[in-house]
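The lines below spell out each chain.
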Amino acid sequence: MYLGLDEPVRECQYNQICTRNSLPMETLGHKKKKIPRRKWQVFPGRNRFYCNGRVMMARQTGVFYLTLVLIMVTSGLFFAFDCPFLASNLTPAIPVIGGVLFFFVLGMLFRASFSDPGVLPRATPDEAADLERQIGAANGPSGPGYRPPPRTREVVINGQTVKLKYCFTCKIFRPPRASHCSLCDNCVERFDHHCPWVGNCVGKRNYRFFYLFILSLSFLTVFIFAFVITHVILRSNRTGFLSALKDSPASVLEVLVCFFSVWSIVGLSGFHTYLISSNQTTNEDIKGSWSNKRAKDNYNPYSYGNILTNCCAALCGPLPPSLIDRRGFIQSDTPQPVSHSNGSSMYASTQLHTHMAAATPLLHSNSVMIGGGGPPFPGKSSLVVPCASLAPSQPSLPSMPGLSCAGDMLTLRDPDTHCHHHHFASPEETPSPSGPMPLTLPCAAHMTHGGHIHPAQLYDPASQDSLHEDSVRGLVKLSSV
Amino acid sequence: RFHNLQELRHSASLANKVFLQRDYSDGTTCRFQTKFPSELESRIERPLFEDTVKRLNIYYAEAEKMGGQSYLEGCLACATAYLIFLCMETRYEKVLKKIGRYIQEQNEKIYAPRGLLITDPIERGMRVIEISIYEDRGSSGSCSGSSSTSGSSAR
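None of the values given here were measured: they were computed from a predicted structure. (Residues numbered from 1 in each chain as written. Chains lettered and ligands numbered in written order. Predicted model: local features only at pLDDT ≥ 70, side-chain atom pairs only at ≥ 80, totals over all residues. Heavy atoms only, no water.)

**Quick word on the overall build of chain B**
(1) Moving on: Secondary structure assignment for chain B yields 5 helices and 3 strands.
(2) Moving on: Element order for chain B, N to C, with α for helix and β for strand: α-β-α-α-α-β-β-α.
(3) Moving on: Looking at chain B alone, contacts between residues at least 24 apart form 61% of all its contacts between residues at least 6 apart.
(4) Moving on: Entry remark: accessible area of chain B is about 7100 Å², with carbon and sulfur atoms responsible for 51%. (Helix = DSSP H or I, 4+ residues; strand = E, 2+ residues; numbered from the N terminus. Contact = heavy atoms within 4.5 Å. Areas by Shrake-Rupley, 256 points an atom, 1.4 Å probe, with all protein chains shown as cover.)

Below you can see the structure in the form of structure tokens.
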């Protein structure tokens, strides 16, 4: 028996899982010699990645394609049908300006849609355990079945008391202005809103692109609208209204699209201009976090005081790099925050130290067992089944250290790592790099971190062999228990 | 005890990790708390530690500073539709590299000889500064030997 433990029910389940896990264990040496996996492939959020991790979008991208089609079709019709007339009768500057606007709009749209909005990576198991310990100590001991109160921390920023909430999915205290997007299942810094038109969240890193997109799109819409009307008027002066419409039927479609777009897009631009000048996010504005109606002395602590500084800060401030390093390679000694149903990814990651390799098949079995029958947790999305954490309210937990003691365990906190079951969509649904994106794009320049944890370690055959050796040694040890 | 980082990583066993959380009292800018954790009291002198953290805070403030240079960079980037970042590094990235080198240097000179290791916060999503505390195990010959003793002692 793999573990030789008392409870027969668990033994059966371990039986099933063992065989699956033993395969990757045996072929670990072989698998390691293949191309190592990139971090986007095991990303815990509900995002889609294209171009081998360069492009990052939300799961539902249908509306984004609609946006793209609308813009391209309308502009295409404009350039094809109206521009020749306007260029020859008015000035060739019209198609030129239109062209510049069009490319700027597309550029900003792609930038807003494809870049990381400022996703906060989830806590590593050690961090999560450390936080749990701190919270547990603060709340005091409580009996089983007692659910602790929502976890918050208070910070005073610029004289205003701000509450930092604990995110149960990401296992972190959210920084101020961050929020958890339930559609993408990520905590995003300076979360503005999730925009289906752009197919991504709008947060700290792509807010300026989003704003420039809607601003330039309003100009483009107004531009096309004005010049199509001009075109029709000029034509009807010559040939009469109806024949003018017959000569350029596309103009009717363009006018319709532009007319309905203008209201919404120009309105949205105006709204976001207001938000930028007062340094608020859509989220804060909707909730009325800083409005005077909430409390007399309520004010926005993040505002710089004057409109110009606020605008400069939002649009021209330094662009922080992506924190999730999606194109980085998974390294054996870097703890990855989340487990997946795919067993092989476990062995490539989630190890604090090489000799803990033996413990991982154990923990993975644990997670499948508990994840299936775990008590419901106040998570953000009904699709995610968060596992039992080390909070005292989880009655199934005390048995876990007993199970894991069969192996060598330096830290018993690690069971928490692998328990987080996620909506299994993200890694499996990730399309191949030759997916639905036919356009080659100037991919956002994101940092790839080698850091000072040398990437060479991954390719070092000595360390791979030692990893394999350790895990085999671990298996032998466990089977002898 | 330990003379270099390599020795630390391969022969020592991890005893504990201390996490320095972010200090949000100044808003959303990146700062870390300089409170000296009790677990490090026996391992490192307080002024050395505080110096490291304060220096890191200074670097992060420099990266996020909004002034003439960052505005210029922002406007130039916008004018080129952000294509300029294909060939140029942002100021933030440059400072992050500097931070990476600083942490490496601090680890080599100060922390590794004391059996400690600082992890660059960028690898933890800028949430924490993670300091790993290593225990000095007697024989660093075979991994399994040391691990079984640590396993039994952990229980």
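**Digging into the packing of helix α4 (residues 93-114) of chain A against helix α6 (residues 207-239) of chain A**
Residues and elements named next belong to chain A.
(1) Moving on: Running from amino to carboxyl end, α4 crosses α6 at an angle of 150°, the nearest separation of the two axes being 8 Å. On the basis of their axis angle, the class for α4 and α6 is roughly antiparallel. Regarding α4 and α6, the two cross each other, and that crossing is left-handed. For the pair α4 and α6, contact is made by Ile94, Ile97, Gly98, Leu101, Phe102, Phe104, Val105, Met108, Leu109, Arg111 and Ala112 and by Phe209, Phe210, Leu212, Phe213, Ser216, Leu217, Phe219, Leu220, Phe223 and Phe227, respectively.
(2) Moving on: Its residues placed into classes, the contact of α4 with α6 shows 18 nonpolar, 2 polar and 1 charged. (Axes fitted to C-alpha atoms, helices over the stretch in contact; angles between N-to-C directions. Parallel < 35°, antiparallel > 145°, perpendicular 65-115°, else oblique. Left-handed = near helix turned anticlockwise from the far one by under 90°. Nonpolar A, V, L, I, M, F, W, Y, C, P; charged D, E, K, R; others polar.)

**A word on α6 of chain A**
(1) Moving on: Between its terminal C-alpha atoms α6 of chain A stretches 47 Å, which fits the 48 Å expected from 33 residues at 1.5 Å a residue.
(2) Moving on: Backbone geometry just downstream of α6 of chain A places Gly240 of chain A in the positive-phi region, at approximately 95°. (Expected span 1.5 Å × (residues − 1).)

**Quick notes on the sheet that holds strand β3 (residues 119-120) of chain A**
Residue and element names in this part refer to chain A.
(1) Moving on: Pairing in this open sheet of 3 strands is antiparallel, and the strands run β3-β8-β7 from one edge to the other. Looking along the sheet, the strands with just one partner apiece sit at the ends: β3 and β7 (179-181).
(2) Moving on: The pairing of β7 with strand β8 (residues 186-188) spans 3 bridges and is classified as antiparallel. What sits directly across from Ser179, in β8, is Val188. (Pairing = 2+ DSSP bridges.)

**Observations concerning the nonpolar core**
(1) Moving on: Of all hydrophobic cores here, the largest spans 45 residues; its most connected members are Ile71, Phe78, Leu109, Phe210 and Phe213 of chain A.
(2) Moving on: In terms of residues, this core owes the most to one element, α6 of chain A, which gives 13 residues.
(3) Moving on: Those residues in contact with Ile71 of chain A that lie beyond four places of it in its chain are Phe102, Val105, Leu106, Leu109, Phe213 and Leu217 of chain A.
(4) Moving on: Residues Cys187 of chain A together with Phe32, Tyr59 and Ala63 of chain B belong to the second largest nonpolar core, which totals 37 residues. (Core = buried A, V, L, I, M, F, W, Y, C linked by side-chain atoms within 4.5 Å. Buried < 20%, exposed > 50% of the residue type's maximum accessible area, 1.4 Å probe, protein only.)

**A short note on the environment of Phe260 of chain A**
Residue and element names in this part refer to chain A.
(1) Moving on: Tracing the chain through its elements places Phe260 in helix α8 (residues 250-277).
(2) Moving on: Residue classification places Phe260 among the exposed positions, given a relative accessible area of 58%.
(3) Moving on: In this structure the C-alpha to C-alpha distance between Phe260 and Thr221, which are 39 residues apart in sequence, comes to 9.8 Å.

**Some points on the sheet that holds strand β6 (residues 172-173) of chain A**
Residues and elements named next belong to chain A.
(1) Moving on: The 3 strands are arranged β4-β5-β6 in an open sheet whose pairing can be described as antiparallel. Each of the sheet's edge strands pairs with one partner strand only, and the pair in question is β4 (152-157) and β6.
(2) Moving on: Judged from the 2 bridges that link them, strand β5 (residues 160-167) and β6 form a sheet pairing that is antiparallel. The residue bridging Cys167 from the neighbouring strand is Ile172, located in β6.

**Things to note about the pairing of strand β2 (residues 55-58) of chain A**
When a strand is regular, its side chains alternate between the sheet's two faces.
Residues and elements named next belong to chain A.
(1) Moving on: Bridging between strand β1 (residues 47-50) and β2 involves 4 bridges; their strand directions are antiparallel. Note on β2: the bridge partner recorded for Phe49 is Met56.
(2) Moving on: In this structure, the hairpin formed by β1 and β2 is closed by a connection of 4 residues, where Cys51 is found at a positive phi of approximately 55°.

**Regarding a positive patch on the surface**
All names here are of chain A.
(1) Moving on: A contiguous patch of positive charge, built from Lys163, Lys165, Lys287 and Arg294, is present on the exposed surface.
(2) Moving on: With respect to the element layout, Arg294 can be found in the loop between α9 (282-287) and α10 (307-316).
(3) Moving on: Given a relative accessible area of 55%, Arg294 falls into the exposed group. (Patch = residues over 30% accessible without salt bridge, like charges linked within 9 Å, V, L, I, M, F, W, Y side chains within 5 Å. Salt bridge = Lys/Arg side-chain N within 4 Å of Asp/Glu carboxyl O. Lys, Arg positive; Asp, Glu negative; His and termini not counted. Charge placed at Lys NZ, Arg CZ, Asp CG, Glu CD.)

**Examining the confidence of the model for chain A**
Residues and elements named next belong to chain A.
(1) Moving on: The share of residues in chain A with pLDDT of 70 or more is 59%, and the mean pLDDT across the chain is 71.
(2) Moving on: Confidence drops under pLDDT 50 across residues 20-29; counting only partners more than four residues distant or on other chains, this segment forms 16 contacts.
(3) Moving on: Across residues 474-481, confidence stays below pLDDT 50; counting only partners more than four residues off in sequence or on other chains, it has 11 contacts. (pLDDT = per-residue confidence, 0-100.)

**Remarks on the side chain of Glu130 of chain B**
(1) Moving on: Its place among the elements puts Glu130 of chain B in strand β3 (residues 128-135).
(2) Moving on: A polar side-chain atom of Glu130 of chain B sits 3.0 Å from a polar atom in the side chain of Lys17 of chain B.
(3) Moving on: Apart from the residues lying within four places of it in its own chain, the contact partners of Glu130 of chain B are Thr124 of chain A together with Lys17, Val18, Phe19, Leu117, Ile118, Thr119 and Arg124 of chain B. (Polar contact = N/O pair within 3.5 Å; in protein donor to acceptor, adjacent residues only side chain to side chain.)

**Let's talk about the pattern of salt bridges**
(1) Moving on: Going through the model one piece at a time under the given rule, you end up with 16 salt bridges over all chains.
(2) Moving on: One salt bridge connects Lys17 of chain B with Glu130 of chain B, and the closest N-O pair in it is separated by 3.0 Å. With Lys17 of chain B in strand β1 (residues 13-21) and Glu130 of chain B in strand β3, the pair connects residues that are 113 residues apart, well separated along the chain. An identical accessibility class is assigned to Lys17 of chain B and Glu130 of chain B; each is buried.
(3) Moving on: For Arg31 of chain B, the salt bridge is made with Asp23 of chain B, and the minimal N-O distance between the two is 3.4 Å.
(4) Moving on: Arg31 of chain B sits in the partly exposed class, given a relative accessible area of 31%.
(5) Moving on: Bridged by salt links that share partners, the residues Asp126 of chain A together with Lys17, Arg124 and Glu130 of chain B form one connected network.

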